Amino acid sequence: MKILAIETSCDETACAVTEGGPSTSSGLRILSNIVSSSEAMHRQTGGIVPEVAAREQLKAIIPIIDKAIQDSRFKIHDIDAMAVTAGPGLVGSLLVGVETARALAYAWGKPIIPVNHLVAHLYANFVSEIPKFPAVGLVVSGGHTDLVFMEGHRKLRLLGTTRDDAAGECFDKCSRWLQLGYPGGPAIAAEAAKFLKRSDLVGKQQGPTLPRPMIDDDTYDFSFSGLKTALRRFAPQGKPLQGLVAEIAHELQEAIVEVLVKRVVRAVEEFKPKSVLLGGGVASNNRLRQLLKSEIRNSKHETKLFIPPIELCTDNAVMIGTAAFYNYSPIPWQKVKANPGLEIV
Ligand code: KG4
Ligand code: ZN
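Residues numbered from 1 in each chain as written. Chains lettered and ligands numbered in written order. Predicted model: local features only at pLDDT ≥ 70, side-chain atom pairs only at ≥ 80, totals over all residues. Heavy atoms only, no water.

1. Quick word on the pattern of salt bridges
Per the stated rule, a full pass over the model turns up 19 salt bridges. Residue Glu99 is joined to Arg102 by a salt bridge in which the shortest nitrogen-to-oxygen separation is 3.3 Å. Here Glu99 and its partner Arg102 are both found in helix 3 (residues 91–108), three residues apart, which amounts to about one turn of the helix. The partly exposed category is assigned to Glu99, whose relative accessible area is 39%. Between Lys194 and Glu191 there is a salt bridge, with the nearest N and O atoms lying 2.7 Å from each other. (Salt bridge = Lys/Arg side-chain N within 4 Å of Asp/Glu carboxyl O. Helix = DSSP H or I, 4+ residues; strand = E, 2+ residues; numbered from the N terminus. Buried < 20%, exposed > 50% of the residue type's maximum accessible area, 1.4 Å probe, protein only.)

Shown next, in the form of structure tokens:
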């Protein structure tokens, strides 16, 4: 089955054609995967301006769909179904994808499957392999930090979520405070890497020790807004950081990553899943990938860890097509609606 998938929840406009079938034993084939981003415009304003993102989506959507079809080397009549991100996300951005997909599904006479963007981040792990259930999944994106237990497709249970800021949001807000720009995750990671290269600095801490929020809490919830507050207390606006930016970025990355990894390892020991799935933009963080791998290897329960390749961690349409394939449930195009506040379960 060939699915044409569209993703426009935030500042990426993405379209992909994926192929899978009943005999698929090793995941899906990616026939095309196009992602265009208005990130450069948001860099100038230090964060996303929703109106600007939506306008850029409008400009990009048709050429991106056209390119994805061309790259797949198939024709519109070869496509079996369409999939589109229904939410969560920015309302203006979502509407561009949803309305375009509805119109095309009607005009082309194709079934259409609305997809939950957060669930789809976990399905980025089902592209080249098929993880076994039950699974524990962690979605770490710009607006969400959700830990779930998956007994099977469409059988998700929320274990914990953030009580305030998401992990990605914490990276983004702290990066802005440290004047490292947008998006914050890659900027903080790059500064942290600079710190680690300075062997003369490692072990000679001059900056603050940041808290590891809720690390010993016995729920599966998260809280990241205190990190931003601790940072601001140490470095009030205008106070020179005396060359400590790289050290602080490193400490911040350690604090966020340690909390995330500890939660996942505890869930693995309690729920004994066959697989652990990581997903979302923050999953492209090298330190998170590395620490999670080593802690899962050392955990008391043996399980298989899946982490998507970097290009499938940040927003893309391959994960939307994949989620639609494994949760194939088309609905009439008239009923497909943008839902900015959609939750993971
Ligand atoms: O999943 P995503 O692309 O979009 C949303 O659905 O929100 O995630 C974007 C988030 C941003 O907060 C960004 O700063 C973060 O992912 N991010 C990273 C890295 N790359 C992107 N965070 C930490 N380290 C990275 N290398
Ligand atoms: Zn996302």
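The structure having been displayed, the exposition proceeds.
2. Quick look at the site of ligand 1
Neighbouring ligand 1 are 19 residues; His121, Gly142, Asp172, Gly185 and Gly281 lie closest to it. For ligand 1, an oxygen atom lies 3.1 Å from a polar atom in the side chain of His117. At a separation of 2.8 Å, an oxygen atom of ligand 1 approaches a polar backbone atom of Gly142. Burial of ligand 1 by the surrounding chains reaches 87%, relative to a free accessible area of 550 Å². Broken down by secondary-structure element, the contributors of at least two residues to the shell around ligand 1 are helix 4 (117–123), helix 5 (167–177) and helix 6 (184–197). Of the residues in the shell around ligand 1, the class split is four nonpolar, 13 polar and two charged. Among the domains, domain 1 (2–126 + 314–335) and domain 2 (135–307) are the pair contributing at least three residues each to the shell around ligand 1. (Near = heavy atom within 4 Å. Polar contact = N/O pair within 3.5 Å; in protein donor to acceptor, adjacent residues only side chain to side chain. Areas by Shrake-Rupley, 256 points an atom, 1.4 Å probe, with all protein chains shown as cover. Nonpolar A, V, L, I, M, F, W, Y, C, P; charged D, E, K, R; others polar. Domains from an automatic or database assignment.)

3. Considering the packing of aromatic side chains
The full count for this structure, using the stated rule, is nine aromatic pairs. By way of ring pairs, the aromatic residues Tyr123, Phe126, Phe133, Phe325 and Tyr326 are connected into one cluster. For Lys239, the ring lying beneath its charged end belongs to Phe234, and the centroid distance is 4.9 Å. Just above the ring of Phe222 sits the side chain of Arg263; from NZ or CZ to the centre is 5.7 Å. (Phe/Tyr/Trp six-rings, centres within 6.5 Å; stacked < 30°, edge-to-face > 60°. Lys NZ or Arg CZ within 6 Å of the ring centre and 35° of its normal.)

4. Overview of the domain arrangement of the chain
The domain architecture assigned to the chain consists of domain 1 (2–126 + 314–335) and domain 2 (135–307). Distance between the C-alpha centres of domain 1 and domain 2: 27 Å. In total, domain 1 and domain 2 occlude about 1600 Å² of area from one another, counting both sides; carbon and sulfur atoms represent 66% of this. Ranking the residues of domain 1 by area buried against domain 2 places Leu118, Leu122 and Asn125 at the top, with a combined share of 36%. Counting across the interface, domain 1 meets domain 2 through zero salt bridges. Linking domain 1 to domain 2 there are five residue pairs in polar contact (both at pLDDT 80 or more). Of all the secondary-structure elements, those providing two or more residues to the side of domain 1 that touches domain 2 are helix 1 (39–45) and helix 4. With five residues, helix 4 is the single largest residue contributor to the side of domain 1 that touches domain 2. (Buried area = accessible area lost by both parts, 1.4 Å probe.)

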